[in-house]
Amino acid sequence: MSNIKVVVAGPRGRMGSEALRMIEKHDDLNLVACLDMKHEGERIKDIPGLPAFDAKIFTDIDQCFQAVDADVLIDLTTPEYGYLHTKTAIQYGVRPVVGTTGFTSEQLAELTDLAEEKRIGAVIAPNFAIGAVLMMQFSKWAAKYFPDVEIIEKHHDQKLDAPSGTAVKTAELIKQEREKKQQGHPNEQETIQGARGANVDGMHIHSVRLPGLVAHQEVIFGSPGENLTIKHDSFHRQSFMSGIKFSIDHVMKLDVLVYGLENLLE
Ligand SMILES: NC(=O)C1=CN([C@@H]2O[C@H](COP(=O)(O)OP(=O)(O)OC[C@H]3O[C@@H](n4cnc5c(N)ncnc54)[C@H](OP(=O)(O)O)[C@@H]3O)[C@@H](O)[C@H]2O)C=CC1
Ligand SMILES: O=C(O)C1=N[C@H](C(=O)O)C[C@H](O)C1
């Protein structure tokens with residue numbers, strides 16, 4: 001059985017701690033270190049509520065990759081640090097599997113070029129839940145027949161980025177299928193700024209943030225006399241874990257950066 005040496009960035013977070021529990025269940029994954037903002041030099045097993053891994057915690061990514069032999073970095077942190085971690089990992093020859101959202105298109109292009117130059121596999125996926133990937137793919141298909149569409153994404157109120165990475169990716173996929181189209185009345189005016197949400201290529205994205213939510217999205221298509229709604233709900237962060245495991249296995253065979261889990265699924 002292969003043994004993939006993994007570093008997790010953001011181990012105390014909602015997603016990072018779930019990723020540790022996923023690693024614990026797989027004998028072929030070996031947690032060799034974690035990157036955190038706090039607890040320098042401590043062990044994961046010493047942090048209350050986390051699994052009993054002996055892996056050491058580093059607060060400095062360079063020190064981490066200089067001290068530890070790692071194959072894969074799983075990043076589940078913040079847009080700012082996720083980008084820096086991904087770039088540094090590629091420079092050290094460590095394959096990033098990134099769930100962190102909020103990267104700009106310029107950052108994604110830069111990371112793609114860097115991975116190509118270094119011939120290092122990388123996966124950046126705004127959503128690792130298989131149902132969400134299907135929701136995006138079905139939406140892309142539907143946009144061929146329904147060019148009028150609005151996206152409503154709903155998340156917990158601790159989320160930093162808006163719109164969600166999933167909503168942005170959905171809009172990008174729809175853009176591949178339809179001509180740019182300004183939706184709604186040509187003379188419509190917002191009497192309160194932001195009432196129509198974000199505008200991507202004429203498509204509107206609405207972001208809801210409330211306690212109690214996890215991660216939810218509806219893509220609503222309209223046509224005279226009918227509507228089609230494609231909806232996905234993640235009720236638990238376990239929903240993202242099989243996609244992360246799948247990406248870890250695949251990234252070991254890649255030598256380029258892949259953006260979006262749909263590009264790895266058959
Ligand atoms: N692709 C996907 O399928 C999914 C992606 N996400 C994305 O994953 C990211 C994390 O989400 P979530 O777990 O909910 O967020 P959390 O805020 O719960 O976790 C983020 C963690 O990262 C830590 N952190 C921040 N900066 C650093 C750093 N420089 N080094 C190490 N750790 C750091 C934070 O530390 P501290 O606690 O001290 O602030 C925190 O523990 C978000 O971008 C989110 O959008 C979420 C769900 C699914
Ligand atoms: O922050 C979250 O929680 C999530 N973030 C990702 C996103 O921005 O799309 C994926 C999922 O929606 C959960």
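Since we're looking at a predicted model, the values are computed, not measured.

(A) Molecular detail of the pairing of strand S9 (residues 203–209). Of the strand pairs in this sheet, strand S7 (residues 148–155) and S9 are connected by 6 bridges, and their pairing is parallel. What sits directly across from His 155, in S9, is Arg 209. Here 3 bridges tie strand S8 (residues 198–200) to S9, and the two strands are oriented antiparallel to one another. Within S9, the position partnered with Ala 198 by the bridge is Ile 205. Hairpin connection between S8 and S9: a loop of 2 residues separates the two successive antiparallel strands, and Asp 201 in this loop has a positive phi of roughly 60°.

(B) How the structure looks around the environment of Val 219. Counting through the fold element by element, Val 219 comes out in strand S10 (residues 215–223). Distance from Val 219 to Phe 138, taken between C-alpha atoms, is 9.7 Å for residues 81 residues apart in sequence. For Val 219, the contacting residues outside a window of four places in its chain are Met 135, Ser 139, Val 149, Glu 150, Ile 151, Thr 170, Ile 174, Leu 228, Thr 229 and Ile 230.

(C) View of the UniProt feature "domain: Dihydrodipicolinate reductase N-terminal" (unreviewed entry) in the chain. Taking the UniProt record as the reference, the feature "domain: Dihydrodipicolinate reductase N-terminal" (unreviewed entry) is found at residues 4–128. Here residues 4–128 runs as 36% helix and 22% strand, with 19 Å between its end C-alpha atoms.

(D) Examining the state of the cysteines more closely. Under the counting rule described, the total for this entry stands at 0 disulfides. Here Cys 34 is not disulfide-linked; the sulfur of Cys 64 is the nearest cysteine sulfur, at 8.4 Å. Accessibility expressed as a relative area gives 0% for Cys 34, which makes it buried.

(E) Here's a closer look at unusual backbone geometry. For the peptide bond that leads from Ala 162 to Pro 163, omega is -5°, which places it in the cis range. Within the secondary structure, Pro 163 sits in the loop between S7 and helix H6 (165–175). Despite not being glycine, His 39 has its phi angle at roughly 65°, a positive value. Within the fold, His 39 resides in the loop between strand S2 (29–35) and strand S3 (56–58). Positioned with a positive phi, Asp 201 is a non-glycine residue whose angle comes to about 60°. For Asp 201, the position within the fold is in the loop between S8 and S9. Note on Asp 201: relative accessible area 21%, which makes it partly exposed.

(F) Expanded view of the sheet that holds S7. On the basis of which strands lie adjacent, the open sheet formed by 5 strands has the order S8-S9-S7-S10-S11 and mixed pairing. Of all the strands in the sheet, the pair left with one neighbour each is S8 and strand S11 (226–234). Direction aside, neighbouring strands of the sheet carry axes that sit 20° apart on average. Examined bridge by bridge, S10 and S11 share 9 bridges and lie antiparallel to one another. Of the residues in S11, the one forming a bridge with Gly 222 is Asn 227. Strands in contact with helix H5 (residues 130–143) are S10 and S11; relative to S11, the strand with the most contacts, it is inclined by about 165°. With respect to the sheet, H6 is in contact with S7, S8, S9 and S10, its orientation differing from that of S10 by roughly 30°.

(G) View of the site of ligand 2. Close to ligand 2 lie Thr 101, Pro 126, Asn 127, His 155, His 156, Lys 159, Asp 161, Ser 164, Gly 165, Thr 166, Ala 215 and Phe 240. Residue Thr 166 places a side-chain N or O atom 2.4 Å away from an oxygen atom belonging to ligand 2. Look at ligand 2: alone it shows 320 Å² of surface, and the protein chains cover 85% of it. A breakdown of the residues in the shell around ligand 2 according to their chemical character gives 3 nonpolar, 7 polar and 2 charged.

(H) Representation of the packing of aromatic side chains in the model. Evaluation of the coordinates by the stated rule reveals 2 aromatic pairs. Taken together, a centroid distance of 5.5 Å and an interplanar angle of 50° make the contact between Phe 65 and Tyr 92 tilted. Here Phe 65, found in helix H2 (residues 61–67), pairs with Tyr 92, found in the loop between helix H3 (79–91) and strand S5 (95–98); they are 27 residues apart in sequence, far enough to count as distant. Classification of Phe 65 by relative accessible area gives buried; the value is 8%. With 6.2 Å between their ring centres and 55° between their planes, Phe 146 and Phe 221 make a pair best called tilted. Separated by 75 residues along the polypeptide, Phe 146 in the loop between H5 and S7 and Phe 221 in strand S10 bring together distant segments of the chain. The residues Phe 146 and Phe 221 share a single accessibility class, namely buried.

The rules behind the values
- Residues numbered from 1 in each chain as written.
- Chains lettered and ligands numbered in written order.
- Predicted model: local features only at pLDDT ≥ 70, side-chain atom pairs only at ≥ 80, totals over all residues.
- Heavy atoms only, no water.
- Pairing = 2+ DSSP bridges.
- Helix = DSSP H or I, 4+ residues; strand = E, 2+ residues; numbered from the N terminus.
- Contact = heavy atoms within 4.5 Å.
- UniProt positions renumbered as here; feature names shortened; annotations may be inferred.
- Disulfide = S-S within 2.5 Å.
- Buried < 20%, exposed > 50% of the residue type's maximum accessible area, 1.4 Å probe, protein only.
- Axes fitted to C-alpha atoms, helices over the stretch in contact; angles between N-to-C directions.
- Near = heavy atom within 4 Å.
- Polar contact = N/O pair within 3.5 Å; in protein donor to acceptor, adjacent residues only side chain to side chain.
- Areas by Shrake-Rupley, 256 points an atom, 1.4 Å probe, with all protein chains shown as cover.
- Nonpolar A, V, L, I, M, F, W, Y, C, P; charged D, E, K, R; others polar.
- Phe/Tyr/Trp six-rings, centres within 6.5 Å; stacked < 30°, edge-to-face > 60°.

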